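# Observations on chain architecture
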Amino acid sequence: MNENQKIDFLMNLTNTKNITLANALFFDPSYIGRLRSGKRGIPTHRNFIEPAAEFFSDKINDIYQRNILSEIINHGVLLPDDKDAIKRLLILWLKDTSDVPKRDGIKGINNLASTQEFTTVATDIDYGNEGKRRLILSFLHDMTALKKPINFLFSSDENNSWFYEDADFLEDWSDYIMGLLSNGCTLKVIYSTRRSYHEMITAINKWLPLYRTGAIEPYFYPNLRDGIYRRTLFIAEDIASFMSSSIMDDTSIMPQFLFYNSSITAGLTQEYYRFFSLCQPLIEVYQARDIPDPILEKKLNSFNRSKDTLHTLTRRMSSSDIVVDIQIKQSVGAFIRFQDGSPTVLYTSEPNMLSSLVDFIHVFG
């Protein structure tokens, strides 16, 4: 963040209006507005940073504010209780220019290809669905620029409208993910299977072509969750991470963060794997080679012996030349194959996934 974004972030975090900060620091409200928008810089003719830090340190009161601020200015370490100590941290952060990433438009850090580890807290922040899409594409662009195998981790139980409502974003996202997976990267995904009919159908349509690479490991959390506090994590292990959270379906006002910092990313990776340890495989990924896989053969035999109704669909996936063949017997499971010579075979027996696949066949069959 640059100095303008830092002031804007603190004002959003503390719900401070332009006129409130202006009165506290003896500035004109219009100047504060131009400062937030980037049209004016931090004044050099008057003391601004110290009184601003004192003002904001008095406004950081609840646990949500303290947690967010600790991630941004204190490397994830909990903030001290002392207001003067918080003020000193804010002063150092507001004066520090080392965490301002050099970007090419909204794309990645220019020297990223030669960067092995981010040791400064280079952070990008945005709001709302459009902001989330911008940060995600920036993240994927930067990771693509590294041109090396990366282990990606993804989980989200937030409202998925940010993902599906913009066709251009979906196309860019799919291109980035397919390119990364085709070049040696891997992706662990923790899905939320308790989504609406529309969300599940759209997810199947957009995600299935990516499974052709055999580089995705899908999991799900099997127990009910209250759906009140929701979270998204997208992590490039040891490199960078995206984090957002929301209350129920409201994603409009919560800040979202893109961290280019190895220590913060390590902490979020630990959080991810702690949740991952509670999950189960959603789709099993097999490779149909010349030598049969005994586990796959056992599942095929059980499937073929079942007298349950067979649901089938062969379909060219949207925005793709990939053709998939889906076979489902709901009492047993579902097999998905790719009709282009790919050895990847997918199998699932998770009830919500099977129901969604049957719905998918009814819609597109």
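Look above for the structure.
Please read these numbers as outputs of a predicted model, since none were measured by experiment. (Residues numbered from 1 in each chain as written. Predicted model: local features only at pLDDT ≥ 70, side-chain atom pairs only at ≥ 80, totals over all residues. Heavy atoms only, no water.)

## Digging into helix 7 (residues 128-146)
Where we set the bar: A run of DSSP states H or I qualifies as a helix once it reaches four residues; a run of E qualifies as a strand once it reaches two. Both are numbered from the N-terminal end. The length a helix should cover is 1.5 Å for every residue beyond the first. Accessible area is worked out with a 1.4 Å probe on protein chains only. A residue is then buried under 20% of its type maximum, exposed over 50%, and partly exposed in between.
Helix length check: helix 7 (19 residues) gives 28 Å between terminal C-alpha atoms against 27 Å at 1.5 Å per residue, within 8%. Where burial is concerned, most of helix 7 is hidden: 14 out of the 19 residues are buried. In the segment just after helix 7, Lys-147 is the residue with positive phi, at about 55°.

## Re helix 2 (residues 18-25)
Note the cut-off: Starting at the helix axis, one direction is taken to each C-beta atom, and the arc is that of these directions.
Turning to helix 2, its buried residues are Leu-21, Ala-22 and Leu-25. End-on, the buried residues of helix 2 take up no more than an arc of 100°, which puts them together on one face. Of the residues trailing helix 2, Phe-26 is marked for its positive phi of about 60°.

## Considering the pattern of salt bridges
Applicable threshold: Take a side-chain nitrogen of Lys or Arg and a carboxyl oxygen of Asp or Glu: if they are within 4 Å of each other, that pair is a salt bridge.
For the coordinates displayed, the defined rule picks out eleven salt bridges. Here Glu-158 makes a salt bridge to Lys-132, at a shortest N to O gap of 2.6 Å. With Glu-158 in the loop between strand 2 (151-156) and helix 8 (161-164) and Lys-132 in helix 7, this pair connects stretches of sequence that are 26 residues apart. The same class applies to Glu-158 as to Lys-132, namely buried.

## Structural notes on the pairing of strand 4 (residues 216-220)
As a reminder, the rule being used: Strands were regarded as paired on the criterion that DSSP finds at least two bridges between them.
Extensive coverage of strand 4 is indicated by the burial of four of its five residues. The sheet contact formed by strand 3 (residues 186-191) and strand 4 spans five bridges and is parallel. Residue Lys-188 lies in a different strand from strand 4, and its bridge partner there is Glu-217. Two elements, strand 4 and strand 8 (residues 280-281), share two bridges in a ladder whose sense is antiparallel. For Tyr-219, the partnering residue across the bridge sits in strand 8 and is Pro-281.

## A short note on the sheet that holds strand 10 (residues 311-316)
To keep things clear, this is the line we draw: For every element, the axis is a line fit to its C-alpha atoms; helices are fit only across the contacting stretch, and the angle between N-to-C directions ranges from 0 to 180 degrees. Residue contacts are defined here by distance: any two heavy atoms, one from each residue, within 4.5 Å place the two residues in contact.
Reading across the sheet, the five strands line up as 9-13-12-11-10 and stay open at both edges, with antiparallel pairing between neighbours. In this open sheet, the two strands that pair with only one neighbour each are strand 9 (284-287) and strand 10. Neighbour-to-neighbour, the strand axes of the sheet open up by a mean angle of 20°, direction not taken into account. Taken together, the six bridges between strand 10 and strand 11 (residues 323-329) define a ladder with antiparallel strand orientation. Counted as the bridge partner of Arg-315 is Val-324 from strand 11. Each of strand 9, strand 11, strand 12 (333-338) and strand 13 (344-348) touches helix 12 (residues 294-305); the most contacted strand, strand 12, lies at about 120° to it. Its contacts with the sheet put helix 13 (residues 351-364) on strand 10, strand 11, strand 12 and strand 13, and the angle it makes with strand 10 is roughly 65°.

## What about unusual backbone geometry?
You will see that Asn-15, though not glycine, has its phi angle at about 55°, which is positive. Of note, Asn-15 is situated in the loop between helix 1 (3-13) and helix 2. Residue class for Asn-15 comes out exposed when judged on its relative accessible area of 70%. The phi dihedral of Phe-26 falls on the positive side, at around 60°, and the residue is not glycine. You can see Phe-26 is positioned in the loop between helix 2 and helix 3 (29-37). Look at Phe-26 and you get exposed, because its relative accessible area is 67%.

## Considerations on the nonpolar core
Note the following rule: For the purposes of this section, nonpolar cores are sets of buried Ala, Val, Leu, Ile, Met, Phe, Trp, Tyr and Cys residues that join through side-chain atoms within 4.5 Å.
Ranked by internal contacts, the top residues of the largest apolar core, which has 56 residues, are Met-143, Phe-152, Trp-207 and Phe-234. With residues up to four places along the chain from it excluded, the contact list for Trp-207 reads Phe-163, Trp-173, Leu-187, Val-189, Tyr-191 and Ile-216. Core analysis: the second largest hydrophobic core is formed by 48 residues, Ile-49, Leu-79, Ile-91 and Phe-276 among them.

## Some details on the environment of Met-178
Following the sequence through the fold, Met-178 ends up in helix 9 (residues 167-182). Separated by 31 residues in sequence, Met-178 and Pro-209 have C-alpha atoms that sit 8.8 Å apart. Beyond its immediate stretch of four places on either side in the chain, Met-178 contacts Pro-209, Leu-210, Thr-213 and Ile-322.

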